[in-house]
2 protein chains.
Amino acid sequence: MIKALHSANDMMIRKLESIFKLTSEEEQALRDLPIQTKDIATNQNIVKVGDQPGQCFFISEGFTCVHKVSAEGKRQIIAIHVPGDIPDLQSLHLQVLDINISTITPCKLGFIKHADLYQLCDRYPRIGAALWRETLVHASIFREWLLNIGQRDAYSRVAHLICELMLRLKAVGLVEEQTFKMPITQAEIADASGITPVHVNRVLQALRSDGLISTHRQQITIPDWEKIQQAGEFDPLYLHIKQEALA
Amino acid sequence: MIKALHSANDMMIRKLESIFKLTSEEEQALRDLPIQTKDIATNQNIVKVGDQPGQCFFISEGFTCVHKVSAEGKRQIIAIHVPGDIPDLQSLHLQVLDINISTITPCKLGFIKHADLYQLCDRYPRIGAALWRETLVHASIFREWLLNIGQRDAYSRVAHLICELMLRLKAVGLVEEQTFKMPITQAEIADASGITPVHVNRVLQALRSDGLISTHRQQITIPDWEKIQQAGEFDPLYLHIKQEALA
DNA sequence: CGTTATATTGATCATCTTCAATGAGTGTGG
DNA sequence: CCACACTCATTGAAGATGATCAATATAACG
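Criteria and cut-off values
- Residues numbered from 1 in each chain as written.
- Chains lettered and ligands numbered in written order.
- Predicted model: local features only at pLDDT ≥ 70, side-chain atom pairs only at ≥ 80, totals over all residues.
- Heavy atoms only, no water.
- Near = heavy atom within 4 Å.
- Polar contact = N/O pair within 3.5 Å; in protein donor to acceptor, adjacent residues only side chain to side chain.
- Helix = DSSP H or I, 4+ residues; strand = E, 2+ residues; numbered from the N terminus.
- Nonpolar A, V, L, I, M, F, W, Y, C, P; charged D, E, K, R; others polar.
- Domains from an automatic or database assignment.
- Contact = heavy atoms within 4.5 Å.
- Buried area = accessible area lost by both parts, 1.4 Å probe.
- Salt bridge = Lys/Arg side-chain N within 4 Å of Asp/Glu carboxyl O.
- Buried < 20%, exposed > 50% of the residue type's maximum accessible area, 1.4 Å probe, protein only.
- Pairing = 2+ DSSP bridges.
- Axes fitted to C-alpha atoms, helices over the stretch in contact; angles between N-to-C directions.
- Least-squares fit on C-alpha atoms with pLDDT ≥ 70 in both.

J.: Help me out: how do you make sense of the protein's contact with DNA strand C in this one?
T.: Surveying the vicinity of DNA strand C reveals 17 residues, the closest of which are A:Q186, A:N201, A:R202, A:Q205 and B:T196. By atom count, sugar and phosphate contribute 68% of the portion of DNA strand C lying within 4 Å of the protein. With respect to DNA strand C, the side chain of A:Q205 contributes an N or O atom lying 2.6 Å from a phosphate oxygen. At 3.5 Å, a side-chain N or O of B:H199 approaches a phosphate oxygen of DNA strand C. Residue assignment for the surface near DNA strand C shows that the elements contributing at least two residues are α7 (197–209) of chain A together with α7 (197–209) of chain B. The residue inventory of the surface near DNA strand C, partitioned by class, reads four nonpolar, seven polar and six charged.

J.: I tried to follow the domain arrangement of chain A on my own but got confused; where do I start?
T.: It is common to give the size of an interface as the accessible area that goes away when the parts come together. Residue and element names in this part refer to chain A. The domains assigned to chain A are domain 1 (2–144) and domain 2 (152–246). Its C-alpha centre places domain 1 at a distance of 23 Å from the equivalent point of domain 2. Taken together, the contacts link 21 residues of domain 1 with 20 residues of domain 2. For the pair domain 1 and domain 2, the summed buried area comes to about 1800 Å², and 57% of that belongs to carbon and sulfur atoms. On the surface where domain 1 and domain 2 come into contact, there are three salt bridges. A salt bridge links R75 to D191; its shortest N-O distance comes to 2.9 Å. Counting across the domain 1 and domain 2 interface gives 13 residue pairs in polar contact (both at pLDDT 80 or more).

J.: How should the pairing of strand β6 (residues 75–81) of chain A be read in this particular structure?
T.: All names here are of chain A. The buried fraction of β6 amounts to six of the seven residues, a majority that puts the element mostly inside the structure. Relative to β6, strand β5 (residues 64–69) is paired through six bridges, and the arrangement is antiparallel. By the bridge assignment, C65 is partnered in β6 with I80. Taken together, β5 and the strand that follows it, β6, pair antiparallel across an intervening segment of five residues, in which G73 is found at a positive phi of about 90°.

J.: Please explain the protein's contact with DNA strand D as it appears in this structure.
T.: In the region of DNA strand D, 17 residues are neighbours, and A:T196, B:Q186, B:N201, B:R202 and B:Q205 sit closest. Atoms of DNA strand D within 4 Å of the protein: sugar and phosphate make up 69%, bases the balance. Between a phosphate oxygen of DNA strand D and a side-chain N or O atom of B:Q205, the distance comes to 2.6 Å. B:R208 is positioned such that a nitrogen or oxygen atom in its side chain is 3.4 Å from a phosphate oxygen of DNA strand D. Of all the secondary-structure elements, those providing two or more residues to the surface near DNA strand D are α7 of chain A together with α7 of chain B. Looking at which element gives the most residues to the surface near DNA strand D, the answer is α7(B), with five residues.

J.: Would you mind going over unusual backbone geometry with me for this structure?
T.: With the exception of glycine, the majority of residues adopt a negative phi angle, and the majority of peptide bonds are in the trans configuration. Positive phi outside glycine occurs at A:Q178, with the angle close to 60°. Assignment of secondary structure puts A:Q178 in the loop between β9 (175–176) and β10 (179–181).

J.: Even after reading the chapter, I still don't get the pattern of salt bridges, so can you show me in this structure?
T.: Where charged atoms of side chains with opposite charge meet at close range, the side chains can pair. For the structure on display, the rule yields 30 salt bridges over all chains. Its salt-bridge partner being B:D98, residue A:R143 comes within 3.1 Å of it at the nearest N-O pair. Separated into two different chains, A:R143 in helix α4 (residues 125–151) and B:D98 in the loop between β6 (75–81) and β7 (100–103) make up a pair that spans both. In this structure A:R143 comes out as buried when scored by relative accessible area, which is 4%. Note that B:K68 is salt-bridged to A:E144, the shortest N-O span being 2.6 Å. One end of the pair, B:K68, is in strand β5 (residues 64–69); the other, A:E144, is in helix α4, on a second chain. Taken individually, B:K68 and A:E144 each receive the classification buried, so the pair is uniform in this respect. The network of salt bridges with common partners includes A:K15, A:D85, A:E134, A:E164 and A:R168.

J.: Sorry, what's going on with the pairing of strand β8 (residues 107–113) of chain B here?
T.: On a regular strand, one side chain projects to one face of the sheet and the next to the other, so that they alternate. All names here are of chain B. With five of seven residues buried, β8 lies mostly within the body of the structure. In the sheet, strand β2 (residues 36–40) pairs with β8 via five bridges, with the strands oriented antiparallel. Within β8, the residue paired with T37 across the bridge is G110. Relative to β8, strand β4 (residues 55–61) is paired through six bridges, and the arrangement is antiparallel. Residue pairing for β8: C56 is matched across the bridge by I112.

J.: Help me out: how do you make sense of the sheet that holds β10(A) in this one?
T.: Hydrogen bonds along the backbone pair up the strands of a sheet, which may run parallel or antiparallel. Residue and element names in this part refer to chain A. Read from one edge of the open sheet, four strands run β9-β10-β12-β11, paired in antiparallel fashion. The strands lining the two open edges of the sheet, one partner per strand, are β9 and β11 (214–216). Summarising the sheet, β11 and strand β12 (residues 219–221) pair through three bridges and their orientation is antiparallel. The residue of β12 that forms the bridge with H216 is Q219. With respect to the sheet, helix α5 (residues 154–171) is in contact with β9, β10 and β12, its orientation differing from that of β10 by roughly 90°.

J.: Please explain helix α1 (residues 7–17) of chain A as it appears in this structure.
T.: At 3.6 residues per turn, the α-helix brings residues three or four places apart onto the same side. Buried within α1(A) are the following residues: A:A8, A:N9, A:M11, A:M12, A:I13 and A:L16. Check the buried side of α1(A) and you find it contacts α2 (24–31), β2 (36–40), β4 (55–61), β8 (107–113) and α4 of chain A.

J.: Before we go on, may I ask you to explain the relation of the copies chain B and chain A in this structure?
T.: One copy of the chain maps onto the second through a rotation around an axis plus a translation along that axis. Overlay of chain B on chain A (RMSD 0.0 Å): rotation 180°, translation along the axis 0.0 Å. Those values place the two copies in the arrangement expected of a two-fold rotation axis. Nearest to the rotation axis, the C-alpha of B:A139 is located 2.6 Å from it, this being the minimum over chain B. Most of the interface of chain B is mirrored in chain A: 100% of its interface residues are interface residues there too.

Structural data, given as structure tokens:
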């Protein structure tokens with residue numbers, strides 16, 4: 001574990017800047033925030049159900065997923081997190097974790113002690129409010145996923161998931177020319193969509209042959225944004241992303 | 001709209017007391033909180049997608065549900081709220097609502113202005129933290145619903161929903177002798193579970209004939225808590241209810 | 001270059017949907 | 001007090017989306 005006083009803090013600042021304008025004092029406080037960075041390989045558990053962590057973590061690079069496992073051993077991916085996200089922010093106020101969080105690609109994570117976050121929120125209420133807001137945005141995404149999984153057919157579910165990732169990655173500058181890296185296996189798409197891997201494969205083939213996506217390795221290109229949006233019944237309101245961040 | 005300076009405030013105090021011990025100063029602040037009570041009939045919209053409310057509401061009596069509608073007109077119930085809940089607390093920090101909230105029984109609601117809540121959170125950070133925590137608990141429930149709808153069969157989904165409502169109602173004193181009022185139509189259970197009303201009916205019959213529930217009007221009795229818990233793969237961890245509240 | 005993970009294909013099966021009709025319960029007004 | 005209307009619950013039959021099982025092809029990786 002190496003102490004890095006730069007990239008992770010800068011990224012955190014950029015994240016909050018996308019929510020509201022920081023004062024120089026607030027910015028300095030964030031710059032002084034002790035963050036321990038750590039590299040983690042693919043498919044490693046970061047935290048799991050029942051844990052009582054004393055810290056949160058921030059994603060600098062890579063993707064993680066939140067998941068729960070049913071008594072029958074079936075896994076539901078609840079959320080996919082991308083650089084800039086703080087997947088277990090909830091642990092600040094909920095003692096016991098009710099979820100597992102794992103890496104789905106190699107990740108660079110920044111760990112921040114709860115004590116430091118409490119202090120930060122206390123001294124700079126606007127930062128506290130922004131972090132609260134952050135948890136609310138993620139809750140909003142859970143709600144949309146509920147609609148997606150509860151009411152849409154497999155084809156739309158997968159299209160919707162692709163649309164969401166596209167926009168969220170765009171908001172952090174990871175999309176170029178309608179193309180982005182989506183380093184997620186079909187089995188993971190399946191667990192995130194509540195369908196089987198076999199069926200995901202068939203749906204992806206349909207999406208390709210309908211011209212909604214084209215893939216090369218794990219690169220996805222979206223030739224016609226309007227069309228896939230329609231197929232996925234995608235309306236980005238629920239992401240609560242500022243327009244500016246998508247320009 | 002009548003101004004009531006008693007019941008709603010008391011209930012809010014009781015709610016927060018279940019999270020942490022209030023100081024007398026905090027309690028007084030809550031007692032002084034202006035709350036406008038309002039009675040609303042069944043099946044009325046309270047707020048809807050796109051609204052930008054300047055207030056939150058607190059449920060004193062009755063049930064409400066949060067729902068979203070797909071482009072194809074299918075409705076997903078995202079959450080069911082019971083007395084003591086603040087269903088749209090998120091609007092404090094997210095300008096535009098991404099959900100609809102409606103009554104599913106006649107309700108007595110208490111409206112609290114955002115401005116007053118901001119002030120309260122500012123002056124009494126522990127109350128702010130408790131409200132933040134409240135939104136996190138609801139997010140946790142969304143996550144469990146995702147697992148429920150994404151990975152479990154219809155029988156388990158309905159059993160799980162019944163278990164959850166039972167415990168949440170118990171926590172606010174609305175369960176007696178394993179019996180409680182669940183004033184929800186089968187169509188609503190269907191929309192909450194991602195199955196059709198017809199199938200809900202069949203599942204309920206199965207639950208009855210398996211001895212997991214018995215119903216009389218909208219009263220549900222659970223003869224064997226262990227058994228239905230198992231059928232629904234129900235583990236109350238995700239509700240983050242203190243043990244004391246269920247004793 | 002062998003080994004493992006991931007993607008793809010085919011065939012059969014089942015849960016749940018859809019459609020359509022009937023029955024029961026609740027409330028209202030004449 | 002009954003008739004009517006309305007909502008909600010229940011039943012039956014047929015159909016479809018997606019699951020399951022099993023095998024193979026392809027890609028990734030040390």
